[in-house]
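Below, each chain spelled out in residue letters.
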Amino acid sequence: MTSACWLAIYLPRLATDRLIRSGRGPAEDRPLAIYAKEANGFLLTGVDARASSLGLRLAMSLADARAMQPGLAAVEAEPAEDALALDHIAAWCERFTPIVVVDAPDGLFLDIAGCAHLFGGEEALRDQIARRLLAQGFAVRAALAPTPGAAWALARFAREPSPPLRGRGQGEGGRSGRGANGAVLLYPDRPPPPAPSPQGGGGDLVQSLAPLPIEALRLDEAAASLLNRLGLKTIGQVLRAPRSSFTARAGERAMRRLDQALGRAPEVLTPRRPAPPVFALRRFLEPLFSVETMLIATEALCADVIEKLERRGAGVRRAQLHLFGVDGRDRVIEIGVSRPEREVKPLLRLFREKLGQAADNLDAEFGIEAARLDVVQMERVEGAARSLVAVEAGQASAEKIAAIVDVLSARLGVKRVLRPKLNDMHAPEKAGGWSAALGKQEVITLAPPPDGVMRRPLTVFAQPQPIETLASVPDGPPIRFRWRRVLREVTRAEGPERISGDWLGGAPTRDYYRVEDKQGRRYWLYREGFYGESDEAPRWFVHGLFA
Amino acid sequence: MAGQPLHEVGPAGPGGETAALGFTLALAASWAGPAAVFWAGEAAAFAEEGAPYPVGLARYGLALDRLIVVRAKKREEALWAAEQALAAAGAVVICALGARGKPLDLKASRRLLLFAERNGSRCVLLQPANGPSAAWTRWSIAPAPSDAEAGELGPPTFRAELTRNRGGPSGRAFVLDWNAYERDFAERMQEKCEAVFRPQARHA
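Quick look at the structure, then. Quick caveat: nothing in here was measured; it's all calculated off a predicted structure.

Structural notes on the sheet that holds strand E11 (residues 368-380) of chain A
Residues and elements named next belong to chain A. The four strands are arranged E8-E11-E9-E10 in an open sheet whose pairing can be described as antiparallel. Of all the strands in the sheet, the pair left with one neighbour each is strand E8 (278-288) and strand E10 (330-341). Sheet twist, expressed as the average angle between the axes of neighbouring strands with direction ignored, equals 15 degrees. The pairing of strand E9 (residues 314-325) with E10 spans eight bridges and is classified as antiparallel. Among the inter-strand pairings, Gln-320 is bridged to a residue of E10, identified as Glu-334.

Notes on the interface of chain A and chain B
Tallying the contact residues gives 58 residues for chain A and 64 residues for chain B. Of the roughly 5,200 Å² buried at the junction of chain A and chain B (both faces included), carbon and sulfur atoms supply 64%. When the area that chain A buries against chain B is broken down by residue, the three leading residues are Arg416(A), Leu458(A) and Arg492(A), summing to 14%. Our count for the contact surface shared by chain A and chain B stands at one salt bridge. Linking chain A with chain B are 21 residue pairs in polar contact (both at pLDDT 80 or more), by the criterion used here. With eight residues, the single largest contributor to the side of chain A that touches chain B is helix H13 (residues 398-412) of chain A. As paired elements, strand E14 (residues 459-472) of chain A and strand E3 (residues 51-52) of chain B share two bridges and run antiparallel to each other. The residue bridging Thr459(A) from the neighbouring strand is Pro52(B), located in E3(B).

Brief notes about the pattern of salt bridges
Residues and elements named next belong to chain A. A complete count under the given rule lists 43 salt bridges over all chains for this structure. For the salt bridge of Arg-218 with Glu-267, the shortest nitrogen-to-oxygen distance reads 2.8 Å. Taken together, the positions of Arg-218 in the loop between helix H7 (203-209) and helix H8 (221-229) and Glu-267 in the loop between helix H10 (249-261) and E8 put the pair 49 residues apart, joining distant regions of the chain. The shortest N-O distance in the salt bridge between Asp-259 and Arg-243 comes to 2.7 Å. With a gap of 16 residues between them, Asp-259 in helix H10 and Arg-243 in the loop between helix H9 (235-240) and H10 connect regions that are remote in the sequence.

Structural notes on the packing of aromatic side chains
Following the criterion strictly, the structure yields 21 aromatic pairs over all chains and no others. Feature note: the residues Phe23(B), Tyr60(B), Trp139(B), Phe158(B), Phe174(B), Trp178(B) and Phe185(B) constitute an aromatic cluster, connected by ring pairs. In this arrangement the basic side chain of Lys308(A) is found over the ring face of Phe279(A), its NZ or CZ atom lying 5.4 Å from the centre. If you follow Arg71(B) out to its NZ or CZ, it ends over the ring of Phe46(B), 4.9 Å from the centre.

Rules of the game
Residues numbered from 1 in each chain as written. Chains lettered and ligands numbered in written order. Predicted model: local features only at pLDDT ≥ 70, side-chain atom pairs only at ≥ 80, totals over all residues. Heavy atoms only, no water. Pairing = 2+ DSSP bridges. Helix = DSSP H or I, 4+ residues; strand = E, 2+ residues; numbered from the N terminus. Axes fitted to C-alpha atoms, helices over the stretch in contact; angles between N-to-C directions. Contact = heavy atoms within 4.5 Å. Buried area = accessible area lost by both parts, 1.4 Å probe. Salt bridge = Lys/Arg side-chain N within 4 Å of Asp/Glu carboxyl O. Polar contact = N/O pair within 3.5 Å; in protein donor to acceptor, adjacent residues only side chain to side chain. Phe/Tyr/Trp six-rings, centres within 6.5 Å; stacked < 30°, edge-to-face > 60°. Lys NZ or Arg CZ within 6 Å of the ring centre and 35° of its normal.

And the structure:
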């Protein structure tokens, strides 16, 4: 087992903190509680620090609470808003690690194994996150453990707190800090050392979990009541009880939770975003403000990921640069390349394009405090080493063309840099099209006809343009026609080429003619339907133009 | 003409836009050989005369597997895209401007020339408006009637007038047929113009 390290974050007063933070809290001295309608009436589901210090508790009925504290400000629960706030916090946490798991309704898991060293170690990272959440007005408890289950348990139930950390925002700014003030806050726990092995049981981990109540095992109701019936109150008691007493399904679930907490059974968590296979993260001692300094940081990140990819024999296909602002926002810049890229410079060039474009929208007035480069798509590099790419003398290599396509697509957008595409369709408008040039693709081409005569136009109108025919013979091309208010006299015409309505998706059959006017201009005309098919004269259109 | 990397094409008058486009594409096809063709145009350049049609372009002699079209929103973006594309040695870059705008300023055309010279690529500037430019030649193009049997349409045909020529006299006009199969022009009249148009190694 790797020494995976999990940080569990618990926001015990998320609902009230959120309200107070957004200025919807009650006047300074009134306690705040959140209530929701339950089967047996309105019950409190959240209390702020003041309400808690006045003796209000969760699951108390709203009527009782009001009787106890007539000044109580009660707000109905808004679970969707709370979930949104939790997600925002999770997004903010992505500046510390890409692997953030939302643990609804009031917790998060962060996998910090790969990035704690950037923040001065696991404990320093835990303290920094907790302190900053506190400063933002959220009561928080945070704990480190080798498993998510143990971290979860410790964050919620560990008894021996270190002295609460005081966030900078507290006490000085009035309301914003109020929710976080006072009773709860931050109890950082000493991280137990990594579990020695899955089977080994992890003595230290057992020791720190043993005194915790069984609720710390994340049990469902049935499992909790089973343990209660067995008279087991703490995890230590459960550990000492014979396993044979847990034969019921509920008991098995309890055991599984216990094993997960101890690292004896795997636990699969789904991060908020899929974890990138490769990433690099940097944080800055001083916030970055200019695009130039961001580019220097980006160059370092590119070098980091390319080094990691090199070991896997892969290159970058798609990458996302996350710029984490001091303002809490995450700006994402994504680039894609047509071939797996293993050099820093071309990647940096793409980022320079995108950053230059985004410069006005970065809103980096408070600066960027951290940046992460995620390789969201990588690809094995085939064949020879990169330095051995053969270049035909005097002609740009396919790699060079692809690199240009990458740069153009990055700045102008993939929908503006196009390659032709032929389709095996009879309807002329479907026989050829355009698709994004970015990405690997086979393009089929056609040879020019040996007689040099063009039977298909250079350009077509997306909407064939109706024309007014002034003289025509039945089943023949017009002799004169008016298009764009100019009268055109037909001197030569070839056709018809019949394209059946079946090929046109049931539209009327078309008879196409290639015609030339007196000046030598050439048109691709068609007649819709047949003469005599209906009382109306058939309609004519210009569909395309020839040189 | 063969040795110079920047040339300019425009319609001789209203109704000559498709002919000018056809002449430009023919130049690109004849010069490109196995190299790539980039066609970077501002939105207005693709609007009036219909959208490029891949089937027709392939039959016209443009290899679709080496063709990249850039539909830029603005003129500056089209110019920028053309400059980027000119970094590909050997490539032919068409920079197409719309009919409504002002002619390209001299400085912008000098930049195209510079990029092409530095990288061994070529550029055809397709711009309806005529103005001062760093291009070696400017060709005014009008359609010309077919020369084929009565009632038949022959190969694409142009009346091409050399309205500006840094390397010699201007004002001469040619009637040219485009042979898509050979990827070469043939002059209708007696005068030979192969020396003008035949693709050659630029540094030969």
